[in-house]
Amino acid sequence: MKPHHDMKDSHTGLTTSPQDAADASKVTLVGALFDTLLGVLKIITGVLGHSAALVADGVHSLSDLATDMVVLISIRLGAREPDQNHPFGHRRIETLGTVLLALVLLAIALGLVWQNSQSLWQGQDSTLPTWPVLLVAGLSIGIKEGLYWYTIKAAQALHSELLSANAWHSRSDAFSSIVVLIGAGGAMLGVWWLDAVAAMLVALLIGWISLQLLTSSLAELIDTAIPMEQQQAYRTQIMKTQGIVAINALRSRTSGGKVLLELKLEVAPRLSASEAHWLGYLVKQQLKQEFTEIGDILVHINSPASTVSNSPVSSAIRPALQQAIETLLQSYQLDASEAEIFLYYQHPIRADILLSSKAQTRLAEISTKQLQQQLQQIWPQSRQLHIYFYQEKSN
């Protein structure tokens, strides 16, 4: 068995399924429809009802259309299959879309801070809002909060950070409408500054949300590892697979809301290559069944070869041993085809020499110890190995 081989066929790229993309697009289109209707209604009512806050809130709602377009484009591009230039898929486009959306939210928050600080500085406005402003603001709160829950549930089901960001954008619009409701109501009751103060507080909340989204998305773009508690849960699941001796390494990152793993798993030193590969496949399947957030896993299979020192013997052992065995067999009128060498890179290195029936018959009077001594005379460095001679079983 080779001491190390990669399951390269296990990494097929990461993409969004067509069904997931369709579901995400549907959620976003529903939000875009309500954003359009609410935006137009707020602006018209704000102008007629003498409420600058509601007009600004209407502009905020219409700005959601731009972010909805970012979401739709990102989802469609992220759902494309891996290609030659993007073998790991296009889900990072969704992450980039989340960054852009977070920046839009941050810009809105800063704009609200600036606008309302100016209102506080300039003092009381003589024009008071009318009651339709309160009605539209209340309607907006109910609709936008409903859109938040509709979108966030879809985001959780699809593991989409981008949809989650858009859900929070809807909630930020609901908060803005609360500001309008409180501010317009306060102004109608004579507390003119309440509008601006409430708007400042909501702006700070929107800014905090945008910074949270921006931080998580940038962390994904620079391949930040998942939390240690999550890694430990994966390690516990891996070690449940019988035949896995140790986890030499577990590397993680995220892409488009999905976790990508690279595992280096240690198996017994004399396990066959096919069985070791099968154990890696089992680990991969069990992890994906247990943790739905995992998108793809690359598995490397190791034997304990890492314990072998970097000596001249271990660096070129097979050619030298092959030549020594061939010389030994020739001394008994046998050729190299009468023996097969199996190497196990452990400490010390072990070599099993499987002799054919013909070789065993020819060497019937020669003990294993004598063969080892003769091999050491031919190749003195073989003393550093554990060498065993075996007879080929007859049918």
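See the structure printed just above.
Residues numbered from 1 in each chain as written. Predicted model: local features only at pLDDT ≥ 70, side-chain atom pairs only at ≥ 80, totals over all residues. Heavy atoms only, no water.

**Points about the packing of aromatic side chains**
- Following the criterion strictly, the structure yields four aromatic pairs and no others.
- Centre to centre, the rings of Tyr-148 and Trp-149 are 5.1 Å apart; their planes meet at 75 degrees, and the pair counts as edge-to-face.
- Ring geometry for Tyr-234 and Phe-291: centres 4.7 Å apart, planes at 70 degrees, overall edge-to-face. Taken together, the positions of Tyr-234 in helix H7 (residues 228-238) and Phe-291 in the loop between helix H8 (273-290) and strand S4 (294-302) put the pair 57 residues apart, joining distant regions of the chain.
- On the accessibility criterion, Phe-291 (15% relative accessible area) is buried.
- Every member of this aromatic cluster is reached through a ring pair, and the members are Tyr-148, Trp-149 and Trp-168.
- Here Arg-350 stacks its cationic end above the ring of Tyr-388, 4.5 Å away from the centre of that ring. (Phe/Tyr/Trp six-rings, centres within 6.5 Å; stacked < 30°, edge-to-face > 60°. Helix = DSSP H or I, 4+ residues; strand = E, 2+ residues; numbered from the N terminus. Buried < 20%, exposed > 50% of the residue type's maximum accessible area, 1.4 Å probe, protein only. Lys NZ or Arg CZ within 6 Å of the ring centre and 35° of its normal.)

**Observations regarding the sheet that holds strand S7 (residues 386-391)**
- Here we have three strands laid out as an open sheet, ordered S5-S6-S7, and mixed in their pairing. Because the sheet does not close on itself, it has two edges, and the strands there are strand S5 (339-344) and S7. Along the sheet, successive strands turn relative to each other by an average axial angle of 20 degrees, direction set aside.
- The strands touched by helix H10 (residues 317-330) are S5, strand S6 (350-355) and S7; relative to S5, the strand with the most contacts, the crossing angle is about 150 degrees. (Pairing = 2+ DSSP bridges. Axes fitted to C-alpha atoms, helices over the stretch in contact; angles between N-to-C directions. Contact = heavy atoms within 4.5 Å.)

**Some thoughts on a nonpolar patch on the surface**
- Among the surface-exposed residues, Leu-96, Leu-100, Leu-103, Leu-218, Leu-221 and Ile-222 lie close enough to one another that they form a single nonpolar patch of about 530 Å² accessible area.
- Counting only elements with at least two residues in the nonpolar patch, the list comes to helix H3 (92-122) and helix H6 (194-221).
- Position of Leu-103 among the secondary structure elements: in helix H3.
- The exposure class assigned to Leu-103 is partly exposed, which follows from its relative accessible area of 40%. (Patch = residues over 30% accessible without salt bridge, like charges linked within 9 Å, V, L, I, M, F, W, Y side chains within 5 Å. Areas by Shrake-Rupley, 256 points an atom, 1.4 Å probe, with all protein chains shown as cover. Salt bridge = Lys/Arg side-chain N within 4 Å of Asp/Glu carboxyl O.)

**Digging into the environment of Asn-116**
- Along the chain, the position of Asn-116 falls in helix H3.
- C-alpha of Asn-116 to C-alpha of Ala-53: the two residues are 63 residues apart in sequence and 9.4 Å apart in space.

**Notes on H8**
- The end-to-end C-alpha distance of H8, which contains 18 residues, comes to 26 Å, matching closely the 26 Å that a straight helix rising 1.5 Å per residue would cover.
- Within the span of H8, buried status applies to Ala-276, Leu-279, Gly-280, Val-283, Lys-284 and Leu-287. In an axial view of H8, the angular spread of the buried residues amounts to 135 degrees, which keeps them on one side of the axis. Of the exposed residues in H8, those oriented more than 90 degrees away from the buried face are Ser-274 and Gln-289. (Expected span 1.5 Å × (residues − 1). Arc of directions from axis to C-beta.)

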